[in-house]
Amino acid sequence: MTITSYPFDAQSVTETQYSQMSREWQDSGVVASYEASGFLVSAGTGMTVNVQPGSAFLRGHFVNSTAVEPVTIPSAGSAVRVDRLILRLDPSLNSIVLAVKAGTAGSTTPPALTQTDTGIYELGLSQITVNASVTSITSGDIVSTRPIVGNRVGSWANSTRPTSPRKGQLGFNNSSATWEFWTGTAWAPLISSVDWANLSGKPSTFAPSAHEHNWADITDRPSSLPPGPHTHDWTQVTGKPTTFVPSAHGHAWSDLTGVPATFAPATHAHTWASITSKPTTFPPSSHSHSSYLESGDTISWSNGTKRVHQDSVSGSGTYYAVWVQGDGTFARNTSSRRFKQNIRDINIDPEAILSLRPRVYDRRPKEAGSDYLRDEFGLIAEEVAETLPEIVTYDETGRIDALRYDLLGVALLSVVQDQADRIERLETQLRELSR
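The sections below set out a description of the structure shown in this document. Predicted model only: the values in this text are computed from it and were never measured.

### Thoughts on the overall build of the protein
Broken down by element type, the protein carries 4 helices and 21 strands. Classification of the 435 residues of the protein by burial places 23% in the buried group. The long-range fraction of contacts in the protein, counting pairs at least 24 apart against all pairs at least 6 apart in sequence, stands at 47%. A total accessible area of about 32,400 Å² is found for the protein, and carbon and sulfur atoms account for 53% of it.

### A word on empty space enclosed by the protein
Following the criterion strictly, the structure yields 2 cavities of 30 Å³ or more and no others. The space that makes up the largest cavity amounts to roughly 60 Å³. In terms of residues, the lining of the largest cavity owes the most to one element, helix H1 (residues 15-22), which gives 3 residues. Here the second largest cavity is characterised by a volume of approximately 40 Å³. In this structure, the second largest cavity is lined by Asp 27, Ser 28, Pro 147, Ile 148, Val 149, Trp 156, Thr 160 and Pro 162. Considering only residue class, the lining of the second largest cavity consists of 5 nonpolar, 2 polar and 1 charged.

### A word on the sheet that holds strand S2 (residues 41-43)
Backbone hydrogen bonds hold the strands of a sheet together, and the pairing may be parallel or antiparallel. An order of S2-S3-S6 is seen for the 3 strands of this open sheet, with the pairing classed as antiparallel. Edge strands, defined here as strands with exactly one partner in the open sheet, are S2 and strand S6 (69-72). If you compare each strand with its neighbour and ignore which way they point, the axes differ by 35° on average. Bridging between S2 and strand S3 (residues 48-51) involves 3 bridges; their strand directions are antiparallel. Within the sheet, the bridge partner assigned to Val 41 lies in S3 and is Val 51.

### Focus: the pairing of strand S13 (residues 170-173)
Here S13 shows a buried face lined by Gly 171 and Asn 173 and an unburied face lined by Leu 170 and Phe 172. Pairing between strand S12 (residues 154-156) and S13: 3 bridges, direction parallel. Opposite Ser 155, over in S13, you have Phe 172 as the bridge partner. One ladder, built from 4 bridges, connects S13 with strand S14 (residues 178-182); its direction is antiparallel. Bridge pairing in S14 links Phe 172 to Trp 179. Linking two consecutive strands that pair antiparallel, namely S13 and S14, is a turn of 4 residues; a positive phi of about 55° is found at Ala 177 within it.

### Quick look at the sheet that holds strand S7 (residues 81-90)
Read from one edge of the open sheet, 4 strands run S8-S7-S9-S10, paired in antiparallel fashion. With one partner strand each, in any of the chains shown, strand S8 (95-101) and strand S10 (142-144) form the two edges of the open sheet. The sheet shows a mean angle of 20° between the axes of neighbouring strands, taken without regard to direction. As paired strands, S7 and strand S9 (residues 121-130) are joined by 9 bridges and run antiparallel to one another. When the bridges of S9 are listed, Arg 88 appears paired with Glu 122.

### Some details on the side chain of Asp 27
In this fold, Asp 27 is placed in the loop between H1 and strand S1 (29-31). Given the relative accessible area of 17%, Asp 27 is considered buried.

### Re the nonpolar core
Side chains that are nonpolar tend, in soluble globular proteins, to be buried together. Counting residues in hydrophobic clusters, the biggest one holds 23 residues, and the most contacted among them are Val 49, Leu 58 and Leu 87. Among the secondary structure elements, those contributing two or more residues to this core are S3, strand S4 (54-58), S7 and S9. A per-element tally of this core places S9 first, with 5 residues. Non-local contacts of Val 49, meaning those with residues more than four positions away in its chain, are made with Val 41, Ser 42, Gly 44, Glu 69, Pro 70, Val 71, Ile 73, Leu 85, Ile 128, Ile 137 and Ile 142. If you look at the next biggest cluster of nonpolar residues, it comprises 13 residues, including Leu 379, Val 384, Val 392 and Leu 408.

Parameters at a glance
Note that residues are indexed from 1 along each chain, following the sequence as it is written. Under the rules for a predicted model, residues below a pLDDT of 70 receive no local features and side-chain atom pairs below 80 are neither given nor counted, while totals for whole chains, interfaces and linings still include all residues. Derived side-chain values reflect all non-hydrogen atoms in the structure, with water molecules and hydrogen atoms excluded from consideration. Labels follow the DSSP assignment, with helices taken as runs of H or I lasting at least four residues and strands as runs of E lasting at least two, numbered in each case from the N terminus. Exposure classes here rest on a 1.4 Å probe applied to the protein chains alone. A residue is buried below 20% of its type maximum, exposed above 50%, and partly exposed in between. It only takes one pair of heavy atoms within 4.5 Å for two residues to be counted as in contact. Here the open area of atoms and residues is found with the Shrake-Rupley method and a 1.4 Å probe, where only the protein chains shown may cover a residue. For cavity detection a 1 Å grid was placed over the protein atoms alone, and a set of points counts as a cavity when a 1.4 Å probe fits there but cannot get out; an open set counts as a pocket when protein lies on both sides within 12 Å along at least five of seven lines, with lining residues being those that have an atom within 4 Å of a point. Grid points are joined across faces, edges and corners, and a volume is the space filled by probe spheres set on the points. Gly is placed with the polar residues, together with every amino acid not listed as nonpolar (Ala, Val, Leu, Ile, Met, Phe, Trp, Tyr, Cys and Pro) or charged (Asp, Glu, Lys and Arg). Whether two strands pair comes down to DSSP finding at least two bridges between them. A fitted line through C-alpha atoms serves as each axis, taken over the contacting stretch for helices, and the angle formed by two N-to-C directions is quoted from 0 to 180°. Buried residues of nine kinds, namely Ala, Val, Leu, Ile, Met, Phe, Trp, Tyr and Cys, make up a nonpolar core once their side-chain atoms join them within 4.5 Å.

In structure tokens, the structure reads:
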């Protein structure tokens, strides 16, 4: 009988008949989406790989795995090979099992799959490169080759398309991210690209909307353009000079940079009206400075007052030696015990006094172009500091500056006292020798 139908009650149906019927419902492949983990192969420990749980159709037969399955890859040899990890349908054993199909040593081509219509049918899950003499499989050695199904509209990669598609079979190609179908001889995109020239019913002209064009895309553009009024950022200007000759102009003082903090005044004059903070009244011209010199005042002459050399110290009033502080303030040189504390003796070596060297020198002028003060004599402070530092003074930066000549006479007392003591001892010795 040439016509066969099944399955019906009270009828014996073979697995071959069920296989033929089921494969019309679904192609062979893993039942999952393309990115799912069903029957996905990953590296394990050593030469072992792990196969994730999943479901699959093999030529109308169905297999289901509910746990991770470890599979051992055969040991490496002295040359590289490429193995396949497969699902194998064997109708004679009534089973679908995981298996390793070893490749050829020295070849990078994986072994072919056996896919018969009634006997053995193998579904490739991955290709595994086994390098020479290795003892473990890494994730980089594994390439997934699972064909993915789930319905008659499938999804696949270029390498896992259905092997025996029917004309018009539709699926999503994950490699090219396009929908494609089987033309009977080749896979073609579901939506083909269309050239403008092949479109029918297109308008001959278009009303332009607001848009822009790159200058290089414009045809028949003029070679030069007369400039209209416009501005440019300085950085956009080419061929600009590096410096400019300034014309007569002015600047606010606050706009100037690098100005000195102070100015050494040159010889100049001011009108009385331009002077600020001047006194409204003046003391009479006939007076002495001691009547008007207050604490903290400064004067421009160095001999104390302008009248000391004319006056005698008889009569009322007291005269003082004067110190000038670093800020120009005058102060009395007092010597009473009530102005002093922590009073104690000092031993000054007479040799330190006698080693001082009187010098003659020229005084540097106060201003450039002024005359030198020539043949002045005195002591050099740096030389005195080596033997008698007690009378050396220092400026605010710590540099040696001057000498306390007023203390030199006090220091000389040690020389006088030492000589007086020597004279007395010599006189005593002479008296004893004359007896």
